[in-house]
Amino acid sequence: MDKIESFISAAANFVWGVPLLVLVMGGGIFFMFYSGFAPFSYFKHALDVLRGKYDDPDAPGDVSHFQALSGALAATIGMGNVSGVAIAIVMGGPGVIFWMWVSAFFGMATKFFTCTLAVMYRGKDSNGDVQGGPMYVITEGLGKKWKPLAVFFSVFCFFGATPIFQANQVIQVTNDVLLIPAGFAWAGSFTSNLVMGLVITALTCLVIFGGIKRIGLVASRMVPFMVVLYMACVLYIMGIHFLDIPHIFGMILSDAFTAKAAMGGAIGALIIEGAKRASFSNEAGIGTAPLMHGASKTKEPVREGLVAMMGPAIDTLIVCTLTGFAILATNVWQTTDTNGITLTGKAFEAAMPTVGPFLLFLCVLIFGFTTLFSYSYYGTKCVSFLAGAKYAHYFNYWYVSIIIVGSITTLTMVVDFINVMFGLMAIPTMVGAILLAPKVKAAANDYFGRVKRGELVKQS
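Residues numbered from 1 in each chain as written. Predicted model: local features only at pLDDT ≥ 70, side-chain atom pairs only at ≥ 80, totals over all residues. Heavy atoms only, no water.

**Some details on the overall build of the protein chain**
How we decide: Counting from the N terminus, the helices are the DSSP runs of H or I reaching at least four residues and the strands are the DSSP runs of E reaching at least two. Classification of residues uses two cut-offs on accessible area relative to the type maximum, computed with a 1.4 Å probe and protein chains only: under 20% is buried, over 50% is exposed, and between them is partly exposed. By definition in these notes, contact holds between two residues if any of their heavy atoms fall within 4.5 Å. Using a 1.4 Å probe, accessible areas were evaluated by the Shrake-Rupley method; residue-level cover was limited to the displayed protein chains.
What the protein chain contains, in helices and strands, is 21 helices and two strands. In the protein chain, buried positions account for 61% of the 460 residues. Considering only contacts in the protein chain between residues 6 or more positions apart, those separated by 24 or more positions represent 83%. On the protein chain, roughly 17300 Å² of surface is accessible, and the fraction owed to carbon and sulfur atoms is 66%.

**Quick word on helix α12 (residues 245-256)**
Applicable threshold: In this analysis, the expected span of each helix is defined as 1.5 Å times one less than the number of residues it contains. The arc in question is traced by the directions running from the helix axis to the C-beta atoms.
Its 12 residues place the ends of α12 16 Å apart at the C-alpha level, agreeing with the 16 Å of an ideal helix rising 1.5 Å per residue. Along α12, the positions that sit buried rather than exposed are I245, I248, I252, D255 and A256. Looking straight down α12, one finds that the buried residues subtend no more than 110° of arc, so they occupy a single side. Among the exposed residues of α12, those oriented more than 90 degrees off its buried face are P246 and H247.

**Details of the side chain of T323**
Relative to the assigned elements, T323 resides in helix α15 (residues 301-330). On the accessibility criterion, T323 (1% relative accessible area) is buried. In contact with T323, not counting residues within four places along its chain, are N81, V82, V85, Y230, V234 and T344.

**Things to note about the packing of helix α3 (residues 43-50) against α15**
Rule in force here: The axes used here are C-alpha line fits, helices contributing only the stretch in contact, and every angle between their N-to-C directions lies in the interval 0 to 180 degrees. Orientation labels follow simple angle bins: below 35 degrees gives roughly parallel, above 145 gives roughly antiparallel, 65 to 115 gives roughly perpendicular, and whatever is left gives oblique. Each residue is assigned to one of three groups, with Ala, Val, Leu, Ile, Met, Phe, Trp, Tyr, Cys and Pro labelled nonpolar, Asp, Glu, Lys and Arg labelled charged, and all others, Gly among them, labelled polar.
Their axes nearest at 9 Å, the elements α3 and α15 cross at an angle of 100°. Between α3 and α15, the angle is such that the two are roughly perpendicular. Only R303, L306, V307, M309 and M310 of α15 make contact with α3, whose side of the interface consists of F43, H45, A46, L47, V49 and L50. Residue composition of the contact of α3 with α15, grouped by class: nine nonpolar, one polar and one charged.

**Comments concerning the state of the cysteines**
Selection criterion: Sulfur atoms of two cysteines make up a disulfide when they are within 2.5 Å.
For the coordinates displayed, the defined rule picks out zero disulfides. Here C157 is not disulfide-linked; the sulfur of C382 is the nearest cysteine sulfur, at 3.3 Å. Judged by its relative accessible area of 0%, C157 is buried. Take C382: its relative accessible area is 0%, and that puts it in the buried class.

**Overview of unusual backbone geometry**
Phi at N331 is positive, roughly 65°, even though this residue is not glycine. Within the secondary structure layout, N331 lies in the loop between α15 and α16 (332-335). Assessed through its relative accessible area of 30%, N331 is described here as partly exposed. One non-glycine residue, T354, lies in the positive phi region at around 75°.

**Observations regarding the packing of aromatic side chains**
Quick note on the threshold: When two rings of Phe, Tyr or Trp (its six-membered ring) have centres within 6.5 Å they constitute a pair, described as stacked for plane angles under 30 degrees, edge-to-face for angles over 60, and tilted for the intermediate range. A positively charged side chain is recorded as over a ring if its NZ (Lys) or CZ (Arg) lies within 6 Å of the ring centre. The angle to the ring normal must also be within 35 degrees.
Within this structure, the stated rule accounts for 25 aromatic pairs. Measuring from centroid to centroid gives 5.1 Å for F158 and F159, while their planes differ by 80°, and the two rings are edge-to-face. In this structure F159 comes out as partly exposed when scored by relative accessible area, which is 32%. An aromatic cluster of at least three residues, connected via ring pairs, comprises F98, W99, W101, F249, F257 and F325. Above the face of the F385 ring, K147 is positioned so that its terminal group lies 5.8 Å from the ring centre. When the ring centre of Y34 is taken as origin, the NZ or CZ atom of K441, which lies over that ring, is 4.6 Å away.

**A word on the pattern of salt bridges**
The test is simple: Throughout this description, the term salt bridge denotes a Lys or Arg side-chain nitrogen within 4 Å of a carboxyl oxygen of Asp or Glu.
Using the criterion set out here, one finds three salt bridges in the structure. Notably, a salt bridge pairs R450 with E300, separated by 2.9 Å at the nearest N-O pair. Linking R450 in helix α21 (residues 437-452) with E300 in the loop between α14 (288-293) and α15, this pair joins segments that are 150 residues apart in sequence. In this structure, the salt-bridge partner of D446 is R450, at a minimum N-O distance of 3.2 Å. Here the residue D446 and the residue R450 both occupy positions in helix α21, the gap between them amounting to four residues, near one helical turn. We classify D446 as partly exposed; its relative accessible area is 42%. What makes R450 buried here is its relative accessible area of 17%. One salt-bridge network, held together by shared partners, links E300, D446 and R450.

**Section: the nonpolar core**
For clarity, the cut-off: Take the buried residues of types Ala, Val, Leu, Ile, Met, Phe, Trp, Tyr and Cys, join any two whose side-chain atoms come within 4.5 Å, and each joined set is a nonpolar core.
Ranked by internal contacts, the top residues of the largest apolar core, which has 135 residues, are F112 and Y230. Setting aside residues no more than four positions away along its own chain, Y230 makes contact with N81, V82, V319, T323, T344, F348, L360, C363 and F367.

**So, the confidence of the model for the protein chain**
Worth spelling out the cut-off: Residue-level confidence of the predictor, termed pLDDT, takes values from 0 up to 100.
The share of residues in the protein chain with pLDDT of 70 or more is 84%, and the mean pLDDT across the chain is 81. Element-level mean pLDDT values for the protein chain span from 58 in helix α4 (residues 65-76) up to 94 in helix α7 (residues 134-142).

**Looking at the environment of V414**
Looking at the element boundaries, V414 is found in helix α20 (residues 411-435). Sequence separation between V414 and I8 is 406 residues; the distance between their C-alpha atoms is 9.2 Å. Setting aside anything within four residues of it in sequence, one finds V414 in contact with I164, F165, N168 and T409.

**What about a nonpolar patch on the surface?**
Selection criterion: Exposure above 30% relative accessible area and no salt bridge define the residues that can form patches, which grow by joining like charges within 9 Å and nonpolar side chains of Val, Leu, Ile, Met, Phe, Trp and Tyr within 5 Å.
Together, I29, F33, F37 and F105 make up a nonpolar patch on the protein surface, roughly 350 Å² of accessible area in all. Positionally, F33 belongs in helix α2 (residues 18-34).

**Overview of the environment of C157**
Looking at where C157 falls in the secondary structure, it is placed in helix α8 (residues 147-160). Each C-alpha atom, one on C157 and one on A426, is 9.8 Å from the other, the two residues being 269 residues apart in sequence. The residues touching C157, leaving out its near neighbours within four places in the chain, are L291, Y378, C382 and M425.

Structure (C-alpha cells):
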C-alpha cells in the first residue's frame, strides 16, 4: 500500500505541473478578457434566471436552472470546502487562500464558457435523449475526428466522479465527533470504518438509483440549508475573532508572495497548490459542472452559463474563504498536527466548545451526502457516452462499491487520486472550451443584445 500511495502521489505532482496550471488558470484569464468581463455586467439578470423568472417548461432538458445550479453546488460545495481548505492551509500556509481566490475569480469566466457550451452543443445518447457535457461539446462542436479527446475525458471522469473522498471524510468526522469521544474502543478500526461505509452506501442508493430528477430535487432542498447553516457557524467564529480579521487578511496577502509559512519561499509551488485546491473545490475547468448544467431546461445556452458562473463565487470566494478564516483565526493550523476534516473540527471546537464539533458534524453529513448524490450522475453520463445508455445504470454499482473503498483508505491516497483524475479531466475540457470560445462570444453578444433591447419576456 505504501508503494501504491507513493506512486499516486508522484502522479498527482506530475499531472499538476506548470503546463496544466497554464491551461487551467491561463484559460480562465483568457476567457475573462476575451469576454470583455461582459458576464459580470449581468449578475442581476443571472439572479433573475436563477429565481425562475425566465423558466420555460417546454424547453428541452431535465431540471430547472435552480436545480442545475443546486446539483452542481451539491457536488462542489462539499468536503473540498471543509476539509479541502484545511489540507490546503497545512500544505501551503495562509497564502494558499489568496491563490484560491485568484483561481476562483477567473474560474467564474471558465464556468460561463464551459457551461454555455454544454447547452449549446448538447448531443444525444444511444436512446435519443438529449445530453450535455464536455464529451458532447467536443464531438458536436469540434467534430467526430475529435472523439478520442471526448473518450479521454469520459474515461477519467469515470474514475474521478467517485465518492471516495467524501466517504473518507464523513467517516473521519464521525469518528472524531461521536465515536472516539464516546469511548468506543473500536472507533477508527478497519471493521468500524467498513460498517459505516456500508451504511453510507445504503443511504446513497436510496437517492442515486432514482436518477437525475430525484438528485436535482433532493439537492435543491438540501443545498440552501447546508450553505446557510455552515455560513452561520463560520460567521459566528469570525464574529468572536472580529479584531483579528485585518491581521488574517495581512497574513494571507503577505504569505501569498513569500510562501514562508509552508512552502519555504517556493511561490510557484504555492500557486499550483492554490489552483489545485480551488479546482478541487469549485471544479471550474474540470468538466463536471457542464455535465449537470447541460441537463438544464433551457433553449438559451448563455442563460445557463450565467447561472453556472455563480458557482465559483459561492463555493470558493465565500464558503472556502470562511473556512480558511475560521482555521486561521483559531490558530489551530499551527497548534496541531491534524489535517483534513479533523483540523476544521479543531477550529469549531476552539471557537464553540462542546457544540461546535456537533454543528460541523451536521454540516459535513449534508455536504458529504449531497456530493455523493450528484457525482453519481456524472459517471452515468460518461458510461452512457462510452458504452451506450442501456449500460449507464451499471455505473451506480461501481459507484457505491467505491464508497466502501473510501471508507478504509488513507486521506493522502484519496486526495492524490482525485487530483490525478481531475487534472486529466481538465485537459479535454479546457482545450474544447478554448477552441470553441468564439462561438460562446457570438452567442453572448446576441443574448446580451436582446436583454438590452428588452426582448426577453419574464415568466409571471
